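A closer look at the structure
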Amino acid sequence: MTKMLSLFRYIHIHPLLWAVIGLAVATARFQEVMMLLLIVFVHEMGHAWAAARFSWRIKRISLLPFGGVAEMDEHGNRPLKEEAAVILAGPLQHVWLIALSYILYSMSVLDGALFELFFQYNIMILIFNLLPIWPLDGGKLLFLYLSQKKAFPDAHKQALRISLGAALIFAAVMLLAAPLNPNVWIVLGFLLFSLHFEWKQRRFIFMRFLLERYYGNRNEFKVLKPLIVKEDEMVVEVLERFQRGTKHPIIVENDGKEHAALDENELLHAYFSEKLTTARMADLLYAY
């Protein structure tokens with residue numbers, strides 16, 4: 001309970017949200033807006049609670065005019081099961097919210113219309129959040145799934161490409177189903193902007209992943225995946241083959257035979273501490 005209460009200090013309310021609430025009061029839609037805000041708040045607190053359970057670094061829990069986001073100061077180096085648990089903790093909140101609302105409806109605490117609206121809002125937010133579009137929960141799960149088989153930068157780029165395709169399909173469906181709904185286009189605009197920003201920042205995000213892997217909290221990865229490399233390969237090319245949730249012993253081959261073995265930290269040290277950004281694997285063998 002104490003840990004849950006401590007999460008409230010991370011809550012940040014976007015200034016425009018107050019304008020939305022004021023508009024809701026003026027248009028007699030206050031109850032609906034507050035209902036949506038409650039559902040979004042519980043959803044994001046679910047992410048934050050799970051993150052706190054795993055001792056993640058939480059930056060803030062933002063409530064926005066069109067949704068919310070729980071921001072973590074983690075960069076892809078936590079165990080994949082932890083990351084999946086934190087992502088799924090948000091959508092799972094809708095299960096108990098719906099169950100509780102049904103109990104209150106059965107006890108005549110909620111009238112039928114209010115229960116139906118609350119149920120519809122929960123299902124709508126749940127389904128929407130599971131769409132495979134970054135930065136929705138579905139997009140993050142997609143990235144996590146791809147990370148099991150692909151190197152970090154490859155999984156990241158593919159997740160963003162699939163997200164763009166899914167966003168365009170969603171836009172086409174909404175164009176037919178709700179072409180005049182401004183909320184849909186505001187949310188879609190936010191998603192497309194987030195995708196564009198994430199794509200522009202992909203190299204920085206990858207470097208941050210490597211930096212945390214080197215300087216940050218050293219997790220003991222249970223999965224070992226040796227990387228077979230050639231002496232003439234560049235260090236940065238080998239680093240681009242690193243995967244999430246996996247430890248990489250580096251096996252250096254020469255003429256098809258094992259010539260040397262390096263720990264992944266030796267590559268990270270050479271790249272970040274010794275600034276050997278254009279070095280080849282052979283240079284490291286000589287250095288070490």
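Residues numbered from 1 in each chain as written. Predicted model: local features only at pLDDT ≥ 70, side-chain atom pairs only at ≥ 80, totals over all residues. Heavy atoms only, no water.

**Brief notes about a nonpolar patch on the surface**
- A surface patch of nonpolar side chains, about 240 Å² in accessible area, is lined by Phe 66, Ile 186 and Phe 190.
- Inspection of the secondary structure assignment puts Phe 66 in the loop between strand 2 (58-64) and strand 3 (67-72). (Patch = residues over 30% accessible without salt bridge, like charges linked within 9 Å, V, L, I, M, F, W, Y side chains within 5 Å. Areas by Shrake-Rupley, 256 points an atom, 1.4 Å probe, with all protein chains shown as cover. Salt bridge = Lys/Arg side-chain N within 4 Å of Asp/Glu carboxyl O. Helix = DSSP H or I, 4+ residues; strand = E, 2+ residues; numbered from the N terminus.)

**So, unusual backbone geometry**
- The residue after Trp 134, namely Pro 135, is reached through a cis peptide bond having omega 10°.
- Within the element layout of this structure, Pro 135 appears in the loop between helix 5 (112-129) and helix 6 (137-147).
- Backbone geometry places Lys 275, a non-glycine residue, at a positive phi of 60°.
- Following the sequence through the fold, Lys 275 ends up in the loop between helix 11 (264-273) and helix 12 (281-287).

**Looking at the sheet that holds strand 7 (residues 250-254)**
- Strand order in the open sheet formed by 3 strands is 5-7-8, with mixed pairing between adjacent strands. The sheet is open, and its two edges are formed by strand 5 (227-230) and strand 8 (257-262), each paired on a single side. With direction set aside, neighbouring strand axes in the sheet form an average angle of 35°.
- Alignment of strand 7 against strand 8, held across 5 bridges, turns out to be antiparallel. (Pairing = 2+ DSSP bridges. Axes fitted to C-alpha atoms, helices over the stretch in contact; angles between N-to-C directions.)

**Remarks on the UniProt feature "transmembrane region" (unreviewed entry) in the chain**
- As recorded in UniProt, the sites labelled "transmembrane region" (unreviewed entry) are residues 7-27, 33-52, 84-105, 117-138, 159-177 and 183-199.
- With 100% helix and 0% strand, the stretch residues 33-52 has end C-alpha atoms that lie 28 Å from each other.
- End C-alpha to end C-alpha, residues 84-105 measures 33 Å, and it is 100% helix and 0% strand. (UniProt positions renumbered as here; feature names shortened; annotations may be inferred.)

**Some details on the packing of aromatic side chains**
- Scanning the model with the defined rule gives 15 aromatic pairs in all.
- Between Phe 115 and Phe 119, the ring centres sit 6.3 Å apart and the planes meet at 40°, which makes this aromatic pair tilted. Of the two residues, Phe 115 and Phe 119 both sit in helix 5, 4 residues apart, roughly one turn of that helix.
- Residue classification places Phe 115 among the buried positions, given a relative accessible area of 15%.
- The exposure class assigned to Phe 119 is partly exposed, which follows from its relative accessible area of 35%.
- Every member of this aromatic cluster is reached through a ring pair, and the members are Trp 134, Phe 143, Phe 152, Phe 206 and Phe 209.
- Above the face of the Trp 199 ring, Arg 202 is positioned so that its terminal group lies 4.0 Å from the ring centre.
- Directly above the ring of Phe 143 sits Arg 244, whose terminal nitrogen or CZ lies 4.5 Å from the centroid. (Phe/Tyr/Trp six-rings, centres within 6.5 Å; stacked < 30°, edge-to-face > 60°. Buried < 20%, exposed > 50% of the residue type's maximum accessible area, 1.4 Å probe, protein only. Lys NZ or Arg CZ within 6 Å of the ring centre and 35° of its normal.)

**Focus on the side chain of Asn 122**
- Secondary-structure assignment places Asn 122 in helix 5.
- With a relative accessible area of 0%, Asn 122 lands in the buried category.
- Excluding its chain neighbours within four sequence positions, the residues that come into contact with Asn 122 are Ile 39, His 94, Leu 97 and Ile 98. (Contact = heavy atoms within 4.5 Å.)

**Digging into the sheet that holds strand 1 (residues 11-13)**
- Sheet architecture is open: 3 strands sit in the order 1-2-3, paired in mixed fashion. Two strands in the sheet have a free side with no partner beyond their single neighbour: strand 1 and strand 3. The average undirected angle you get between the axes of adjacent strands in this sheet is 20°.
- Of the strand pairs in this sheet, strand 1 and strand 2 are connected by 3 bridges, and their pairing is parallel.

**Looking at the pattern of salt bridges**
- As enumerated under the stated definition, the model contains 12 salt bridges in all.
- Put simply, Glu 212 and Arg 57 hold a salt bridge, and the shortest N to O gap is 2.6 Å. Of this pair, Glu 212 sits in helix 9 (residues 202-215) while Arg 57 sits in the loop between helix 3 (30-53) and strand 2, and the two are 155 residues apart along the sequence.
- Overall, Glu 212 belongs to the buried group, its relative accessible area being 9%.
- Under the relative-accessibility criterion, Arg 57 is labelled partly exposed at 34%.

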